[in-house]
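# Working through the structure, step by step
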Amino acid sequence: MDKKDDLWYRLMPDRFANGEQQKDPKDTLEWGQEADKAKFFGGDLQGIIDKLDHIQGLGFNGIYLSPVFDAYSNHKFDTIDYYEIDPAFGTKEKFKELIEAIHQRGMKVMLDITCDHLSDFSLQWQDVRKYGVRSSFAKWFLIKEFPVRYVPSELPDYSERLTYEALNNNPHMPKVDLENPEVQAHFGNILTYWTRNFDIDGWSIADSNEIPAAFKRYLLETLRQVKEDIYLLGNTIAKKAEHDDVFAGNNSIDVRELVEGTFITKNIPPTELAYALNEHQLRADPSTLSASLLAADSPQTQRILAKCEGNVQLLRAVLAFMFMQPESPSILYGTEKGIKAGTEAALQPCMDWKDSQASDEMQRFLKTLLAMRTRYNNVLCEGSFEWGQCSNQYSYLSFSRRLGDKRLFALFNLGYGSIKIVLPQNCKLLLGQNLVEQDKRLGQAGFAIVEL
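These lines cover the structure that appears in this document, whether it is placed above or below. Predicted, not measured: the structure shown is a model, and the values here were computed from it. (Residues numbered from 1 in each chain as written. Predicted model: local features only at pLDDT ≥ 70, side-chain atom pairs only at ≥ 80, totals over all residues. Heavy atoms only, no water.)

This part takes up the side chain of glutamine 124. Checked against the element boundaries, glutamine 124 lands in helix 5 (residues 123-131). Taking relative accessible area as the criterion, glutamine 124 reaches 13% and is therefore assigned buried. Those residues in contact with glutamine 124, other than ones at most four positions away along the chain, are Leu118, Phe137, Trp140, Phe141 and His186. (Helix = DSSP H or I, 4+ residues; strand = E, 2+ residues; numbered from the N terminus. Buried < 20%, exposed > 50% of the residue type's maximum accessible area, 1.4 Å probe, protein only. Contact = heavy atoms within 4.5 Å.)

This next bit is on the pattern of salt bridges. Counted according to the given criterion, the structure contains 19 salt bridges. In this structure, aspartate 112 and arginine 10 form a salt bridge, with 2.6 Å as the shortest nitrogen-oxygen distance. Note that aspartate 112 is positioned in strand 5 (residues 108-114) and arginine 10 in strand 1 (residues 8-11), a separation of 102 residues in sequence. What makes aspartate 112 buried here is its relative accessible area of 1%. When the shortest N-O distance is used, the salt bridge between glutamate 97 and lysine 94 registers 3.2 Å. One end of the pair is glutamate 97 and the other is lysine 94, both in helix 4 (residues 92-104) and three residues apart, which spans about a single turn. In this structure glutamate 97 comes out as partly exposed when scored by relative accessible area, which is 35%. Overall, lysine 94 belongs to the buried group, its relative accessible area being 15%. Shared partners join several salt bridges into a network, and the residues in it are Asp199, Asp201 and Lys227. (Salt bridge = Lys/Arg side-chain N within 4 Å of Asp/Glu carboxyl O.)

Following the criterion strictly, the structure yields 30 aromatic pairs and no others. Ring centres of tryptophan 8 and tyrosine 231 lie 6.3 Å apart, and the angle between their planes is 10 degrees; on these two criteria the pair is classed as stacked. Separated by 223 residues along the polypeptide, tryptophan 8 in strand 1 and tyrosine 231 in strand 9 (residues 231-235) bring together distant segments of the chain. For the pair formed by tryptophan 8 and tyrosine 231, the shared burial category is buried. A ring pair is formed by tryptophan 31 and phenylalanine 41, whose centres lie 6.3 Å apart and whose planes are at 80 degrees; its orientation type is edge-to-face. Remark: phenylalanine 41 occurs in the loop between helix 1 (13-16) and helix 2 (45-50) and tryptophan 31 occurs in the loop between helix 1 and helix 2; sequence separation between them is ten residues. By relative accessible area, which is 29% here, tryptophan 31 ends up partly exposed. (Phe/Tyr/Trp six-rings, centres within 6.5 Å; stacked < 30°, edge-to-face > 60°.)

Right, dumping it as structure tokens:
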């Protein structure tokens, strides 16, 4: 499966589905309770296996997992042991069963991993704490002075007074020296182990903007010896960092923020969005764009529906626009169920498995949207991008995508009122919302995507 065909469903194991309740950790919260930073809900690998029909049924062909390695937190971004599956999720045998089940469906799997820091529970950091400058791992970390220590603040995960560098000033996440060959080999061996033994298709490398280019090339060359078509995604929250010349693609944060600024907060005029997207697409070749990721939200961000203030029609318009871009689209679990709680990884809510009219409607919309993306993927990834009429005064924009004899046209109403619309004759409506054909008008948050 070509990288440009990827449609990613991102999930957090602890919050997605509980398949083996008898193995829940002690003090597991009841499913659906309000999230707590220090608590677990019992989601596990078996739960994901049980719900593969749901994910594939929506039309996704890739599963993007947040960290699954042994860690202290519920979100697992603070890995203790990269060679072990977290016991709360299951075993290596269960993980292998999950990967095989995903591959049997013709789907891919991508794992999150952090390479710029370790947990303070890691053996390496514990050795530094015990032996100080004499530790064989002392040069692994960015230490200003020994012994390593910090002054606690009112927040347990923050300190301004540390004798070492830490991720986001979190004293429990000491940063490593990525120029150190031993550190590079350490992470190269970890990624090689899981890729070779569990047939992982891709890796999302967190904070990739802080990783030296030489280290990126080392990871890529090392993993290609194991799996020639391995997919490495640079995942960073830094602006203007989408395109590097090593990884296949990057997380297009700039694009997401531009779309939100035009559709949701309305502080970016439509013509400015068009100009910015032109600039964005000129900075990378088509293969890099189509191998990049355009995520509506992530475990570390506020939910997209919350940003839309619960306006489901606005959410649909945002997703439709994003799915028309060259990058591989991605949604976070629960978007199809109308979940809007969650502002950071530790506080993401449980997946709501109850059905309702609202969730049924959203799932039908996503199925149609994903089917459209799959059918016209070549046009959207490889075709030309031509802007049509865009108006700041009346707040709408239009564009067309063309490849060979295939041409798509899209019009989005971004304003608070309705606008007149005249669609070309004999066009085929692929997806639309708030389109009043007899009045030839497009209502608030309305859009029309047609094949010409």
